[in-house]
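Report on the structure
Chain by chain, the residues:
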Amino acid sequence: MIDIARRRILIDGEPRLVIAGEVHYFRTPRELWERRLDQLMDVGCTAVASYIPWIVHELPDGTLDLDGATRADRDLGAFIDLCAARGLWFIARPGPFQMAELKNEGLPHRIHREHPEIVPAGWDGTPAPTSSVDYLAPAFLAEVERWYAAVMPVLAARLITRGGPVIAVQLDNEIGMLAWVSNSPDLTDHLLTDLRGWIRAHREDAARTYPALEEDEHAWALSVRSPEEAWAGALRHDLTQFMRDRFARYVDELAASAARHGVEGVPLLINIHGTSGGSAESFPIGISQLVETYSGRAGRLSGSDHYVGDMTLDTTPDLYVLNALQQAVHDDDQPLTSLEFEAGSGDYGDGLERMSEPSTADLKSRLFAAQGNRLLNYYLLAGGINPPLDEPVGDGNDRISSTGRRHGFAAPIGPEGQESPTFAPLRAGVHQLLLHERHLASGVEELDDLSLAFVLDSYATEYAHPGSAVMTEIVEDLRAHRGAGQRKALARSALLRGHRFDAVDVRSMRPRPDGSPRRVLMLASSAHLDPAVQQNLVDHLRGGGSLLMLGLLPEKDLEGAPCRILADALGAQAGPLVRDSPHFFPSVSCVTAPEALGETRVSWLQELRAEGASTVLEALDGTVCGIEAAVGAGRAVLLAAGLPSHPGLFGHLLDRLGARRGLELGSSVPGVFATSTRDPEGGRVLHVLNVTGHRPEVRIVLDGEEVLLRPAPHTGYLLARGLAMGGVPVLEANAEVIEASDGILAFGAPAADALRVVLGTTAAVRAEGGDARVTAHGGRTVVTSAGPVRLLVERTR
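Thresholds, definitions, all that
Residues numbered from 1 in each chain as written. Predicted model: local features only at pLDDT ≥ 70, side-chain atom pairs only at ≥ 80, totals over all residues. Heavy atoms only, no water. Helix = DSSP H or I, 4+ residues; strand = E, 2+ residues; numbered from the N terminus. Expected span 1.5 Å × (residues − 1). Buried < 20%, exposed > 50% of the residue type's maximum accessible area, 1.4 Å probe, protein only. Pairing = 2+ DSSP bridges. Axes fitted to C-alpha atoms, helices over the stretch in contact; angles between N-to-C directions. Lys, Arg positive; Asp, Glu negative; His and termini not counted. Salt bridge = Lys/Arg side-chain N within 4 Å of Asp/Glu carboxyl O. Polar contact = N/O pair within 3.5 Å; in protein donor to acceptor, adjacent residues only side chain to side chain. Contact = heavy atoms within 4.5 Å. Left-handed = near helix turned anticlockwise from the far one by under 90°. Nonpolar A, V, L, I, M, F, W, Y, C, P; charged D, E, K, R; others polar. Core = buried A, V, L, I, M, F, W, Y, C linked by side-chain atoms within 4.5 Å. Phe/Tyr/Trp six-rings, centres within 6.5 Å; stacked < 30°, edge-to-face > 60°. Lys NZ or Arg CZ within 6 Å of the ring centre and 35° of its normal. Parallel < 35°, antiparallel > 145°, perpendicular 65-115°, else oblique.

In this section: helix α12 (residues 315-328). Look at α12: 20 Å from first C-alpha to last across 14 residues, which is about the 20 Å you get at 1.5 Å a residue. Taking burial as the measure, the 14 residues of α12 include 14 buried ones, the bulk of the element.

In structure tokens form, the structure reads like this:
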């Protein structure tokens, strides 16, 4: 049995950390299936995930082969049974879309040919440049029902609830992604009829806003596909809200179909897209699109899909914020998962153009586990060979994929089964995760009273008519000021000081599951902000909370109409927005603490006037661009300038606003990150990640206790603090446990100049080899050593 409770995955009643690897059976000759699964198990994976492509299993005559009648590697059930025979769980991803570099995104080509009405028209009636469809078109749903009727019974017979290995089923893949990346909304006639009804039901001023709403279908279609500026702002906002609802109804249709064919009682997964160009900044666009498909929906889990390359000063805050924002819209039971967890070399073009740093997947895995991810699916773990299409189409390779004969060049296990240089580091990292599984499967991050404000609608930027100045102005403003803050300055500055923060959905301001406070909020502030969100922020301030804002003074709503709820509460007025140029170089300094920020170049600044507010930031000419204002019992700071990350400045302001740190972090080289977790038994782990190529001097103060470290380059550490390992309480350690069994504890290379371990035992402890020194006093045993050590602990009766 599998259950989801208190942000944990419970299998047969036990919290588990599911480590999966994506292996495509349809790209692997059947005679090599066993070999690939053996390699997967060598990595340490406990589960297999795979797409189940419709385009692979449908034959030219329209029949479906799922039992290998026409080709051995089409026998889906046999592959799943082989996983079960090895004690591996299975995560099924049957689409209907798969992407995965498959032709037509995994749909049979005939779907579009036979049902032209499902093919979207975008802005100005331009045909969609992608393989997108109108998801709720009756013809498409009928085709999906036919596909599910064939594939779901194969899965249903093998669900964990029936003694099989299938622990979860993903419904479709990256829903809405194609329309987003192409800025081409799915404006079929069918969808436009649906949109008309939705607007009537959701806007009291519908007829006034949309003059063509009550006209014929042609006039209505023209007003949406080629909107006039008078209603462009409203349409942009309404369309994103409508599509959220429509995606949710689509997933409900898929879930109902799956249930009709026996798939129920296991989690249904929603894969969230959104990273782009080596950055996770855009990832929450996928959350915004799909939030209603899973948020608060029992039995459904969201999973991230991320490709950002190496762990660096730039990408680490990206990924931390990605997890925080994803969790912000979950309920108190839904844990984080990652359904496409980037693994491998990063050389996706097979051109010897890139080689990821070997620790990349390990460092990412450690961060994700620390933030509460209970399922990681390494994608792609194994490459393969693309079989030919059953019928040639004359597209240059006549195979199922655009990549040619070979696929998955960057994977730890290459297309021919070769183990790449990333294989061994990944295996070592997975070993460490599973060694600490008891803690990581149920531990939660120990958060400070600080949260990042998640403005969901700031990411509803997937649609904007290219000819609309109104839409463009709003979307460009939202893109510039959201999430981690411009240049990621809010999140990066806080993380480099050791702040452990989550995110809060400011539409609802839901409390944390444990009831711990969110005294201080950090907000990337755009000129356009929803009225209800503005009011929630004002209420937070009046109730005694604090707010640190980076960006523009909000003065409009999301449709471009004036809205000054927050600005009026601050008593603030905005002056001109001044940007830099090749001949103008604006610079600012901090007034309240000149030592925190001296003269600093910025890319832009906005003049602020606020009677009764104090000045925090000003330009060299005296223009005020940062203020602190009292609102009720709370205080707010607005920095209206294009500031870089600066732990000194942002730290000064967070301290001033009352953000307490349970973990203080300092490093001689920027690029060390730390957090801590606690499990229900009271065990704690200090997580340290050094993403730099240096070995810096690091000082951490955790709940008043100083920890001095010198972590190795590109290395992560799980440092036990009151954690039982191998039956022995490890009270503190500056090295990671690398072996733990009854009576045996081994520690790896220390994250300091010398190893120091404190065990909570009076049993005799003996060190094997080396120069280790063991001393016992007051019920504790202290072990010191110049390097790694293996300890034998006498069993007590």
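Past the structure itself, the notes keep going.
This next bit is on unusual backbone geometry. Each neighbour pair has its own omega, and for Tyr379 with Leu380 the value is 0°, a cis peptide bond. Considering the arrangement of structural elements, one finds Leu380 in strand β11 (residues 373-382). Positioned with a positive phi, Asp12 is a non-glycine residue whose angle comes to about 55°. If you trace the backbone, Asp12 turns up in the loop between β2 (8-11) and β3 (14-15). Positive phi values are uncommon outside glycine, yet Asn104 reaches one of about 55°. Following the sequence through the fold, Asn104 ends up in the loop between β6 (89-93) and α4 (110-114).

The next subject is the sheet that holds strand β29 (residues 698-702). Strand order across the open sheet formed by three strands is β26-β29-β30, with antiparallel pairing between neighbours. Two strands in the sheet have a free side with no partner beyond their single neighbour: β26 (663-667) and β30 (705-709). Strand-to-strand, the axes of this sheet are offset by a mean angle of 15°, without reference to chain direction.

Another point: the side chain of Asp477. Tracing the backbone through its elements, the reader meets Asp477 in helix α16 (residues 469-480). For the buried Asp477, no salt bridge exists, and the shortest N-O distance to an oppositely charged side chain is 7.2 Å, to Arg579. In terms of polar contacts, Asp477 uses its side chain to reach the side chain of His528, at 2.7 Å. What Asp477 contacts, discounting residues up to four positions off in sequence, is Ser526, Ala527, His528 and Leu552.

Moving on, we get to the packing of helix α5 (residues 138-156) against helix α10 (residues 229-260). Taken N-terminus to C-terminus, the directions of α5 and α10 make an angle of 35°; their axes are 9 Å apart at the nearest point. At the point where α5 passes α10, the crossing takes the right-handed sense. In this structure, α5 uses Phe140, Leu141, Val144, Glu145, Tyr148 and Met152 to contact α10, whose residues at the interface are Tyr250, Glu253, Leu254, Ser257, Ala258 and Arg260. Classifying every residue of the contact of α5 with α10 gives eight nonpolar, one polar and three charged.

The next subject is the environment of Val18. Counting through the fold element by element, Val18 comes out in strand β4 (residues 18-23). Of the residues examined, Val18 reaches a relative accessible area of 1% and is grouped as buried. Along the backbone, Val18 and Val48 are 30 residues apart, and their C-alpha atoms lie at a distance of 9.9 Å.

Take the nonpolar core next. Of all hydrophobic cores here, the largest spans 191 residues; its most connected members are Phe140, Tyr378, Leu639 and Leu643. A total of 13 residues in this core trace back to one element, the largest contributor, which is α10. Once residues within four sequence positions are removed from consideration, Leu643 is found in contact with Gln486, Arg487, Ala489, Leu550, Val588, Leu597, Val602, Leu617, Leu649 and Phe650. One finds Ala574, Leu608, Val624 and Ala636 within the second-largest nonpolar core, a separate group that totals 32 residues.

Another point: the sheet that holds strand β33 (residues 728-733). Taken in spatial order, the five strands make up an open sheet running β32-β33-β36-β39-β38, and their pairing is antiparallel. Each end of this open sheet is capped by a strand with a single partner; those strands are β32 (723-725) and β38 (773-777). Taken over all neighbouring pairs, the strand axes of this sheet differ in orientation by 30° on average, direction set aside. Strand direction decides the pairing type here: strand β36 (residues 755-759) and strand β39 (residues 780-785), joined by five bridges, are antiparallel. Bridging from a neighbouring strand, Leu759 pairs with Thr781 of β39.

Our next topic: the environment of Leu723. Along the chain, Leu723 turns up in strand β32. Taking the C-alpha atoms as reference points, Leu723 and Gly760, separated by 37 residues in sequence, lie 9.7 Å from one another. Sequence-distant contacts of Leu723, that is, excluding residues within four places in its chain, are made with His436, His439, Asp679, Gly683, Arg684, Val685, Val728, Pro729 and Val730.

On to the environment of Leu490, then. Positionally, Leu490 belongs in helix α17 (residues 489-496). Given the relative accessible area of 1%, Leu490 is considered buried. Measuring from C-alpha to C-alpha, the distance between Leu490 and Ala453 comes to 11 Å, with 37 residues separating the pair along the chain. Once you skip the residues sitting within four places of it in the chain, Leu490 turns out to touch Ala484, Gly485, Met522, Leu523, Ala524, Leu548, Leu550 and Phe650.

Throughout the structure, instances matching the rule amount to 18 aromatic pairs. Measuring from centroid to centroid gives 6.0 Å for Phe454 and Tyr459, while their planes differ by 65°, and the two rings are edge-to-face. Considered together, Phe454 and Tyr459 belong to a single accessibility category, that of buried residues. Linked through ring pairs, Tyr25, Phe26, Trp33, Phe79 and Phe90 together constitute an aromatic cluster. A cation sits over an aromatic face here: Arg93 above Tyr51, 4.0 Å from the ring centre.

Once that is clear, we can look at the pattern of salt bridges. The full count for this structure, using the stated rule, is 65 salt bridges. Taking the shortest distance from any N to any O, the salt bridge between Glu705 and Arg721 comes out at 2.9 Å. Note that Glu705 is positioned in strand β30 and Arg721 in strand β31 (residues 715-721), a separation of 16 residues in sequence. Glu768 is the salt-bridge partner of Arg790, the closest N and O atoms lying 3.0 Å from each other.

The next subject is α17. In terms of burial, α17 is a largely internal element, eight of the eight residues being buried. Residue Gly498 follows α17 closely and has a positive phi angle near 100°.

Before going further, it helps to examine the packing of α10 against helix α11 (residues 284-294). Packing of α10 against α11 leaves a shortest axis separation of 7 Å and a crossing angle of 45°. Compared by their axis directions, α10 and α11 come out oblique. With respect to the hand of their crossing, α10 and α11 are arranged in right-handed fashion. The residues of α11 that touch α10, namely those facing Arg244, Asp245, Phe247, Ala248 and Val251, are Ser288, Gln289, Leu290, Val291, Glu292 and Thr293. Counted by class, the contact of α10 with α11 contains five nonpolar, three polar and three charged residues.

What follows deals with the pairing of strand β20 (residues 587-590). Direction of pairing for β20 relative to strand β21 (residues 600-601): antiparallel, over a ladder of two bridges. Within the sheet, the bridge partner assigned to Val588 lies in β21 and is Thr600. Where β20 and strand β23 (residues 614-619) come together, three bridges link them in antiparallel fashion. The residue bridging Val588 from the neighbouring strand is Ala619, located in β23.

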